[in-house]
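This is what each chain is made of:
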Amino acid sequence: KKPAAERNDKMTEITYEKALAALRNGKQVMIFVHARNETLRTARALAEEAKRRGQQAEWQPNEEHPRIHLAKRDLAKSRNPQLLTLFSD
């Protein structure tokens, strides 16, 4: 692999571990990326890593949260088909 690809893989791994630790502590997680086009790529990489490790359930929202319906409503209104694919699995 090229050094840039290796660096990105390592950054994704670190991000995954830190985010999962926060989620396990009952915290919300917001991940900042350098450029807009990295947002979807990072989200997909994290989702793929969760699937690979069998930890998808730990990344799912709390269905009992009092405002989950608001998040689902906003997601349903999104005109971004790529965003919708992240929540379809």
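Everything discussed here concerns the structure shown above.
If you're wondering where the values come from, they're calculated on a predicted model, not measured in any experiment. (Residues numbered from 1 in each chain as written. Predicted model: local features only at pLDDT ≥ 70, side-chain atom pairs only at ≥ 80, totals over all residues. Heavy atoms only, no water.)

Q: Even after reading the chapter, I still don't get the overall build of the chain, so can you show me in this structure?
A: Helix and strand counts for the chain stand at four helices and zero strands. Going from the N terminus to the C terminus, the chain shows its helices and strands as α-α-α-α. C-alpha extents for the chain along the principal axes are approximately 45 × 30 × 20 Å. Within the chain, the fraction of its 89 residues that count as buried is 12%. For the chain, restricting intrachain contacts to residue pairs at least 6 apart in sequence, the fraction spanning at least 24 positions comes to 57%. Approximately 7,700 Å² of the chain is accessible, and the part contributed by carbon and sulfur atoms is 53%. Side chains of the chain give 18 positive and 12 negative charges; the mean places of these two sets differ by 5 Å. (Helix = DSSP H or I, 4+ residues; strand = E, 2+ residues; numbered from the N terminus. Buried < 20%, exposed > 50% of the residue type's maximum accessible area, 1.4 Å probe, protein only. Contact = heavy atoms within 4.5 Å. Areas by Shrake-Rupley, 256 points an atom, 1.4 Å probe, with all protein chains shown as cover. Lys, Arg positive; Asp, Glu negative; His and termini not counted. Charge placed at Lys NZ, Arg CZ, Asp CG, Glu CD.)

Q: Looking at this structure, how should I read the environment of arginine 67?
A: Relative to the elements of secondary structure, arginine 67 occurs in the loop between helix H2 (37-53) and helix H3 (68-77). The class of arginine 67 is exposed, set by a relative accessible area of 55%.

Q: I'm lost on the packing of aromatic side chains in this one. Help?
A: The geometry of two aromatic rings is summed up by the distance between their centres and the angle between their planes. This structure, assessed with the given rule, holds one aromatic pair. Measuring from centroid to centroid gives 5.1 Å for tyrosine 16 and tryptophan 59, while their planes differ by 35°, and the two rings are tilted. Highlighted residues: tyrosine 16 in helix H1 (residues 3-24) and tryptophan 59 in the loop between H2 and H3, separated in sequence by 43 residues. Classification of tyrosine 16 by relative accessible area gives buried; the value is 0%. (Phe/Tyr/Trp six-rings, centres within 6.5 Å; stacked < 30°, edge-to-face > 60°.)

Q: Would you explain the side chain of glutamate 49 in this entry?
A: If you trace the backbone, glutamate 49 turns up in helix H2. Glutamate 49 gets classed as buried once you look at its relative accessible area, which sits at 18%. Among the polar contacts made by the side chain of glutamate 49, one reaches the side chain of arginine 52 at a distance of 2.6 Å. (Polar contact = N/O pair within 3.5 Å; in protein donor to acceptor, adjacent residues only side chain to side chain.)

Q: I would appreciate a short explanation of the side chain of threonine 15 in the present structure.
A: Topologically, threonine 15 is positioned in helix H1. Ignoring any residue separated from it by four or fewer positions in sequence, one finds threonine 15 in contact with Ile31 and Leu46.

Q: Can you walk me through H2 in this structure?
A: At 3.6 residues per turn, the α-helix brings residues three or four places apart onto the same side. Spanning 17 residues, H2 covers 25 Å between terminal C-alpha atoms, matching the ideal 24 Å at 1.5 Å per step. Among the residues making up H2, those that are buried are Leu40, Thr42, Leu46, Glu49 and Ala50. Contact partners of the buried residues in H2: H1 and helix H4 (81-86). Among the residues trailing H2, glycine 54 stands out with phi positive, at a value near 70°. (Expected span 1.5 Å × (residues − 1).)

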